[in-house]
Amino acid sequence: MNHPTPYTPPAAASPIRPPLDFAIEANLQTEEVLRAADDRLAYWDQEASRISWQQPHTRVLDWSDAPHARWFVDGTLNVAYNCVDRHVEAGRGDKVAFHFVGEPGDTRTLTYSRLKDEVCRAANALNALGVEAGDRVAIYLPMIPEAVIAMLACARLGAPHTVVFGGFSADALASRIEDCGARVVITADGGYRRGVASALKPAVDEAATKVEIDHVLVVRRTGEQVDWVDGRDHWWTELVGTQSPVHAPQAFDAEHPLFIMYTSGTTGRPKGILHTSGGYLVQTAATAWGVLDLRDDDVLWCTADVGWVTGHSYIVYGPMANGATQVLYEGTPDTPHRGRWWEIVERYGVTQLYTAPTAIRTFMKWGEKVPEQYDLSSLRLLGSVGESINPEAHRWYRRHIGGDRTPVIDTWWQTETGAQMLTPIPGITEAKPGAAHGPVPGVSVDVVDDAGESVGPGESGYLVITEPWPAMLRTIWNDDARFRETYWERFGGRYFAGDGAARDQDGDIWVLGRVDDVMNVSGHRLSTTEIESALVAHPAVAEAAVVGADDETTGQAVVAFVILRESAAAPDVEELRQHVASEIGPIAKPRQVLAVPELPKTRSGKIMRRLLRDIAEQREVGDATTLADASVIEHLVREQRGATAAATR
Ligand code: ATP
Ligand code: MG
């Protein structure tokens, strides 16, 4: 494993002055943040009252069996009741929960009371299929309201769901079903993507030849012909549609399993992360309120797929526990045209947009002329998650989407953390593009060196979480040994996130990228994030990925892959190499820069540097099962072969 060593945050680390984010009135107040820092358990004790319990907890945390935490000990609750019924009981049944927009242009509006009926019907239907508390249910759906309904129906029954992203193959689906032992699968005939109907049911049929599946519940979305197995397959409309809209929610223990979510697979084989009920709901609800700054009349649009943890925590559980109104969009940003997202923002008056750097960089590549054609003045907060947002992309997002008015929050967290962990806080923190700033209230983090000692200002090391937090993973499903080993052994009982980080002179935290991706050039440790951000700061570059490739003289050398902005004239490679050298220093100058049309990304949109490293070193590429588009790799391999002969040194 490579270890990051001293690192100075780039010049962009100085806050924007005058401080921009102070201008807004936000939910979270400084006093509360300070109080939480003083006594985090008292803070979480108080935050627990954000949700409804059938039985209150007797203790906030039991950590005696570390690293297995029990949060809100003895508390009982029903998560679906919290996300739906209680809003209806409070007289808010007519409030819109979702404005759904299908890719072909069809729309549906779901109020909380309508949603309550649907969730109850689906829970009754699952019951009729024999699903009981504790049984796992796999969900393999496009981004349609039934995905949310299915998740909440499972939660209502205490049947942990595992949502598998609709873009995954039959093999990926089968391996997840096998790992978690689900016997019921909820799917659709298909969904719409890039203007065409893409089938889902065939993948379930194929998975069923590999693993045992008792029942398949099928939503009709595209109307395409599907194969049918009588007795096993059931149409949603026939089975769910005929059930009673009444279902009494049962309260479960705070530690009752809520879902298993497989990680993105950026660094290797995906891990089945287990989340439980009470702590997870408290932290997602608290952060949706305090970090996304949700208010009653807001319209939130989190663009993640529900197949990822971001969709779980910031479409389904956190916002719905707050009774929020949201946009749910099925398709891609460029269908039928590149202004689709901005058209939706304008139409529904979206106030908070929460998306991923990969999307922002794509919009940068397309140019600002596209969003300029729409009225985006309803936006008051912009969020980013999934990878670090390069300072240049942060500024572009704020300027061209946020009209230079909105705070941009760069939120660092993981499937494992369940909820946001590091972020600037709207209304409180000064924005530093590229920085993750500090922890959310009630969370304690540190940056430590190899020996586990805290690093000082201007130094770098490993990001660790020093105290348990409510939404933390409870284990890796079926692999508790991997759970202990991956996260808890490296730094003696503190949680090791696997990411490198630095503290700047103000004590603020900068995430530097995966520890496994850190490069070592002539004995100097270099951060992928920093070099990529330098490349993206060049006016011709929209996106960049760098890796360390074996080098006879320097140990490792920097190899960069860049995607150019469409409007820009192609710069010469030497100019880009020089640009990095002048932004960071000669040591960071890439040995090779390759302009490419696409980068290999996971289905959740993260750059898979380990595959790029394989390409740069011209060896067989590793496990690519979570790769979004396999043809990208073939293309890159060809480019690399062609370019190597002419490589500049
Ligand atoms: P795997 O664990 O299977 O390799 P993964 O780590 O990509 O996949 P996720 O849980 O989806 O799976 O992603 C969490 C990781 O994403 C973090 O550890 C971090 O590397 C990166 N990340 C997420 N948000 C940010 C952010 N705001 N800034 C920097 N990195 C981020
Ligand atoms: Mg990870």
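Just so it is clear, the structure is predicted and the values come from calculations on it, not from any experiment. (Residues numbered from 1 in each chain as written. Chains lettered and ligands numbered in written order. Predicted model: local features only at pLDDT ≥ 70, side-chain atom pairs only at ≥ 80, totals over all residues. Heavy atoms only, no water.)

Colleague: I tried to follow the site of ligand 1 on my own but got confused; where do I start?
Modeller: Surveying the vicinity of ligand 1 reveals 20 residues, the closest of which are Thr263, Thr266, Thr267, Thr415 and Arg514. Contact between ligand 1 and threonine 263: an oxygen atom at 2.6 Å from a side-chain N or O atom of the residue. At 2.6 Å from an oxygen atom of ligand 1 is found a side-chain nitrogen or oxygen belonging to arginine 514. Relative to its free-state accessible area of 640 Å², ligand 1 is covered by the protein chains to the extent of 94%. Those elements that provide at least two residues to the shell around ligand 1 are strand S20 (408-411) and strand S27 (509-514). (Near = heavy atom within 4 Å. Polar contact = N/O pair within 3.5 Å; in protein donor to acceptor, adjacent residues only side chain to side chain. Areas by Shrake-Rupley, 256 points an atom, 1.4 Å probe, with all protein chains shown as cover. Helix = DSSP H or I, 4+ residues; strand = E, 2+ residues; numbered from the N terminus.)

Colleague: Even after reading the chapter, I still don't get the confidence of the model for the protein, so can you show me in this structure?
Modeller: Detail in the predicted coordinates should be disregarded across regions flagged by low pLDDT. Mean pLDDT for the protein: 92, with 95% of residues reaching 70 or above. Below a pLDDT of 50 lies the segment residues 1-8, which in the model reaches 29 contacts outside its immediate sequence neighbourhood of four places, other chains included. For residues 645-649, every residue scores under 50 in pLDDT, and the model assigns this stretch eight contacts once sequence neighbours within four places are set aside. (pLDDT = per-residue confidence, 0-100. Contact = heavy atoms within 4.5 Å.)

Colleague: Sorry if this is basic, but what is going on with helix H2 (residues 40-47) here?
Modeller: Inspection of H2 places Arg40, Tyr43, Trp44 and Glu47 among the buried residues, and these make up the whole buried set. The buried residues of H2 all sit within an arc of 95° when viewed along its axis, so they share a single face. On its buried face, H2 sits against helix H1 (30-38), strand S1 (59-62), strand S2 (70-73) and helix H9 (278-290). (Buried < 20%, exposed > 50% of the residue type's maximum accessible area, 1.4 Å probe, protein only. Arc of directions from axis to C-beta.)

Colleague: Any chance you could explain the packing of aromatic side chains here in plain terms?
Modeller: Working definition: an aromatic ring pair is given by the centre-to-centre distance plus the angle between the planes. In this structure the tally under the stated criterion is 27 aromatic pairs. Ring geometry for tyrosine 462 versus phenylalanine 496: centroids 5.8 Å apart, planes at 80°, classification edge-to-face. With a gap of 34 residues between them, tyrosine 462 in strand S24 (residues 460-465) and phenylalanine 496 in strand S26 (residues 495-503) connect regions that are remote in the sequence. By the burial criterion, tyrosine 462 is buried, and phenylalanine 496 matches it. Measuring from ring centre to ring centre gives 5.5 Å for tryptophan 488 and tyrosine 495, while their planes differ by 70°; the resulting arrangement is edge-to-face. (Phe/Tyr/Trp six-rings, centres within 6.5 Å; stacked < 30°, edge-to-face > 60°.)

Colleague: Just to check I follow, could you spell out the domain arrangement of the protein for this structure?
Modeller: Accessible area lost on assembly of the parts is the figure often given for the size of an interface. Per the domain assignment, the segments of the protein are domain 1 (79-250) and domain 2 (522-648). Each of domain 1 and domain 2 has a C-alpha centre, and the two are 40 Å apart. (Domains from an automatic or database assignment.)

Colleague: I'm lost on the pairing of strand S10 (residues 196-199) in this one. Help?
Modeller: Regular strands have side chains that alternate between both faces of the sheet. Pairing geometry for strand S9 (residues 190-193) and S10, over four bridges, is antiparallel. Bridge pairing links arginine 193 to valine 196 in S10. Adjacent in sequence and paired antiparallel, S9 and S10 are bridged by two residues, among which arginine 194 carries a positive phi angle near 55°. (Pairing = 2+ DSSP bridges.)

Colleague: Would you take a moment to explain the sheet that holds strand S16 (residues 299-302) for this structure?
Modeller: By definition, the strands of a sheet pair up through backbone hydrogen bonds, in either a parallel or an antiparallel sense. The mixed open sheet is built from seven strands, whose spatial order is S5-S4-S17-S16-S18-S19-S20. Each end of this open sheet is capped by a strand with a single partner; those strands are strand S5 (107-111) and S20. When the angles between neighbouring strand axes are averaged without regard to direction, this sheet yields 20°. Here five bridges tie strand S4 (residues 96-101) to S5, and the two strands are oriented antiparallel to one another. Bridging from a neighbouring strand, valine 101 pairs with threonine 107 of S5. Helix-sheet contacts for helix H11 (residues 340-348) involve S4, S5, S16, strand S17 (325-329) and strand S18 (352-355), and the interaxial angle to S17 is about 155°. (Axes fitted to C-alpha atoms, helices over the stretch in contact; angles between N-to-C directions.)

Colleague: Got a minute to help me understand helix H5 (residues 145-157) in this structure?
Modeller: The periodicity of an α-helix, 3.6 residues per turn, causes residues three or four positions apart to be oriented the same way. With 13 residues, H5 extends 19 Å between its outermost C-alpha atoms, agreeing within 8% with the 18 Å of an ideal straight helix rising 1.5 Å per residue. Most of H5 sits out of view: 13 of its 13 residues are buried. Positioned one or two residues after H5, glycine 158 has a phi angle of 70°, which is positive. (Expected span 1.5 Å × (residues − 1).)

Colleague: Explain the packing of helix H3 (residues 79-92) against helix H4 (residues 112-128) here, please?
Modeller: Packed helix pairs are characterised by how far apart their axes lie and by the angle those axes make with each other. Following both chains from N to C, one finds H3 and H4 inclined at 140°, their axes separated by 9 Å at the closest point. The orientation of H3 relative to H4 falls into the category oblique. By crossing handedness, the relation of H3 to H4 is classed as left-handed. On H4, the residues that touch Cys83, Val84, Asp85, His87, Val88 and Arg92 of H3 are Tyr112, Ser113, Leu115 and Lys116. (Parallel < 35°, antiparallel > 145°, perpendicular 65-115°, else oblique. Left-handed = near helix turned anticlockwise from the far one by under 90°.)

Colleague: Even after reading the chapter, I still don't get the environment of leucine 34, so can you show me in this structure?
Modeller: Here leucine 34 shows up in helix H1. A residue is classified by how much of its surface remains accessible, and leucine 34, at 55% relative accessible area, is exposed.

Colleague: How should the packing of H4 against H5 be read in this particular structure?
Modeller: Between H4 and H5, the shortest axis-to-axis distance is 8 Å and the interhelical angle comes to 65°. Every pair of crossing elements has a handedness; the one defined by H4 and H5 is right-handed. Residue-level contacts link Leu115, Glu118, Val119, Cys120, Ala122, Ala123, Leu126 and Asn127 of H4 to Ile149, Leu152, Ala153, Cys154, Arg156 and Leu157 of H5.

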